[in-house]
Amino acid sequence: MRIVTLEEHISFPEMADQIPKDALGNFGQSEAMQRLAPKLADITQDRLKSMDDNGITMQVLSVDSSGANLLSSQAGPAFASQYNDLIAARIAGFEDRFTAFAHLPMTAPLAAADELERAVTEHHFRGAMVRGLTQDQFLDQPQFAPIFERAEKLDVPIYLHPGLPPKGVVDIYYSGLPNHSGMAQALACYGWGWHSETALHVLRLLFSGIFDQYPKLKLIIGHMGEMLPMMMARSEKAFKPGNGGANQRSLTETFHQQVHITTSGFFTQPPLRIALDTFGIDNIMFSIDYPFSTNEMGIEFLKGIDLPQEQVAKIAHGNADKLLKLRS
């Protein structure tokens, strides 16, 4: 079976080294993260071998947390363009195995919209990945409108991935804990905080009417829907049209039409069943979160899905092929 994975990360040292260390805090400095650095930098060696060993047809690559969103509006655009050019150069000749989401200079939204268009038209990238808040601002703020407008025009999705939490949130929610002099990363990021913040981000987009303002916009979120499937019924009641928000459609209608989720890093069946019951089979796409999760874990999960083969195929590749236009 053809298998496409959408949340597979890279980080090139020559680019990551340009990010000021204080912008990252201590994030990424653990021994575990340091061990992953060579895997993040590699594309066509061990990464490709692992894909072959596990039957993965294609990865959609995206830059990790050390990116242009941590740079000024002056420095970000050139950095993002250089990164996208490097990605395109390193997957050249392997276009049947790799494509990418554009890396955007989010601190300069107009430049980000232009870079999205350039990456899509010149490099045939399949959309963009945005990582969390930008300078403590959610995407529902007016300055980010050019990015949504351009994504609609190009008919490409935005993948909203968690990012580093703002300092004020860190200080109140994720600091002052035993054995941690600063942010407790497991709590703030991959163990809870990342996912709840991304869910909040999507709900803000709904509540502020962004999905209605851009009805052709397609949003992707990872990690089996970032907690939203579990909360769907309760949130549906809270965010009814006319209930205080600017949204003109119900949460369920909006999500079914415009929000797609991936399985990245979630490899047990109960969360998938909730996602199927809420988002539906046509809105779920397989992903692994390589190298933070292993291809072996992901493939074992995929093989264990108890659905008709044609529905498993939708999750494995069909929905991604359609949304990202991977096959003509």
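Look up: the structure comes first, before these words.
The following paragraphs examine the structure supplied in this document. The shown structure was predicted, so the numbers you read here are calculated from the model rather than taken from an experiment.

### Quick look at the sheet that holds strand 9 (residues 284-285)
And then number 1: The six strands lie next to each other as 4-5-6-7-8-9, forming an open sheet whose pairing is parallel. Either end of the sheet is taken by a strand with one partner, and the two such strands are strand 4 (102-103) and strand 9.
And then number 2: By the bridge criterion, three bridges tie strand 6 (residues 158-161) to strand 7 (residues 219-221) in an arrangement that is parallel. Opposite Leu-160, over in strand 7, you have Ile-221 as the bridge partner.
And then number 3: Of the strands in this sheet, strand 7 and strand 8 (259-262) are in contact with helix 13 (residues 251-258), which crosses strand 8 at around 70°.

### Overview of the pattern of salt bridges
And then number 1: Within the structure shown, the criterion is met by 15 salt bridges.
And then number 2: Residues Asp-53 and Lys-49 are paired through a salt bridge, measuring 2.8 Å at the closest nitrogen-oxygen approach. Taken together, the residues Asp-53 and Lys-49, both in helix 4 (residues 46-54) and four residues apart, mark about one turn of the helix.
And then number 3: Glu-115 is the partner of Arg-118 in a salt bridge, and the nearest nitrogen-oxygen pair spans 2.9 Å. Placement of both Arg-118 and Glu-115 in helix 6 (residues 109-123) is noted, with a separation of three residues, approximately one turn of the helix. Side by side, Arg-118 and Glu-115 carry an identical accessibility label, which is buried.

### Some points on the packing of helix 6 against helix 7 (residues 145-154)
And then number 1: The geometry of helix 6 relative to helix 7 is characterised by a closest axis approach of 8 Å and an angle of 20° between their N-to-C directions. Here helix 6 lies roughly parallel to helix 7, going by the angle between them. In the crossing of helix 6 with helix 7, the sense of the turn from one axis to the other is right-handed. On helix 7, the residues that touch Pro-109, Leu-110, Ala-112, Ala-113, Asp-114, Leu-116, Glu-117, Val-120 and Thr-121 of helix 6 are Pro-146, Ile-147, Arg-150, Ala-151, Lys-153 and Leu-154.
And then number 2: Tallied by class, residues from the contact of helix 6 with helix 7 come to ten nonpolar, one polar and four charged.

### Re the pairing of strand 1 (residues 4-10)
And then number 1: Counting buried positions along strand 1 yields seven of seven residues, so the element is predominantly enclosed.
And then number 2: Bridge analysis of strand 1 against strand 2 (residues 58-63) gives five bridges, and the strand direction is parallel. Note that in strand 2 the partner of Ile-10 across the bridge is Val-63.

### Considering the sheet that holds strand 1
And then number 1: With parallel pairing, three strands are arranged side by side in an open sheet as 1-2-3. Two strands in the sheet have a free side with no partner beyond their single neighbour: strand 1 and strand 3 (98-100). In this sheet, adjacent strand axes meet at a mean angle of 35° when their direction is disregarded.
And then number 2: Strand direction decides the pairing type here: strand 2 and strand 3, joined by three bridges, are parallel. Note on strand 3: the bridge partner recorded for Val-60 is Thr-99.
And then number 3: Against the sheet, helix 4 touches strand 1, strand 2 and strand 3, its axis set at about 145° to strand 2.

### Considerations on the nonpolar core
And then number 1: Ranked by internal contacts, the top residues of the largest apolar core, which has 79 residues, are Leu-116 and Phe-255.
And then number 2: In terms of residue count, helix 5 (residues 76-91) provides more of this core than any other element does, six residues in total.
And then number 3: Dropping the residues within four chain positions of it, Phe-255 is found in contact with Val-202, Leu-203, Phe-211, Leu-228, Met-232, Phe-279 and Asn-283.
And then number 4: Counting 13 residues, the second-largest nonpolar core is a separate cluster that includes Val-60, Phe-101, Tyr-159 and Leu-326.

### Regarding the side chain of His-223
And then number 1: Checked against the element boundaries, His-223 lands in the loop between strand 7 and helix 12 (228-238).
And then number 2: Residues in contact with His-223, not counting those within four places in the same chain, are Glu-7, His-161, Pro-162, His-195, Thr-262, Ser-264, Phe-266 and Asp-289.

### With respect to a nonpolar patch on the surface
And then number 1: A surface patch of nonpolar side chains, amounting to about 340 Å² of accessible area, comprises Val-169, Ile-172 and Tyr-173.
And then number 2: Tracing the backbone through its elements, the reader meets Tyr-173 in helix 8 (residues 167-173).
And then number 3: The class of Tyr-173 is exposed, set by a relative accessible area of 57%.

Definitions and cut-offs
Residues numbered from 1 in each chain as written. Predicted model: local features only at pLDDT ≥ 70, side-chain atom pairs only at ≥ 80, totals over all residues. Heavy atoms only, no water. Pairing = 2+ DSSP bridges. Helix = DSSP H or I, 4+ residues; strand = E, 2+ residues; numbered from the N terminus. Contact = heavy atoms within 4.5 Å. Axes fitted to C-alpha atoms, helices over the stretch in contact; angles between N-to-C directions. Salt bridge = Lys/Arg side-chain N within 4 Å of Asp/Glu carboxyl O. Buried < 20%, exposed > 50% of the residue type's maximum accessible area, 1.4 Å probe, protein only. Parallel < 35°, antiparallel > 145°, perpendicular 65-115°, else oblique. Left-handed = near helix turned anticlockwise from the far one by under 90°. Nonpolar A, V, L, I, M, F, W, Y, C, P; charged D, E, K, R; others polar. Core = buried A, V, L, I, M, F, W, Y, C linked by side-chain atoms within 4.5 Å. Patch = residues over 30% accessible without salt bridge, like charges linked within 9 Å, V, L, I, M, F, W, Y side chains within 5 Å. Areas by Shrake-Rupley, 256 points an atom, 1.4 Å probe, with all protein chains shown as cover.

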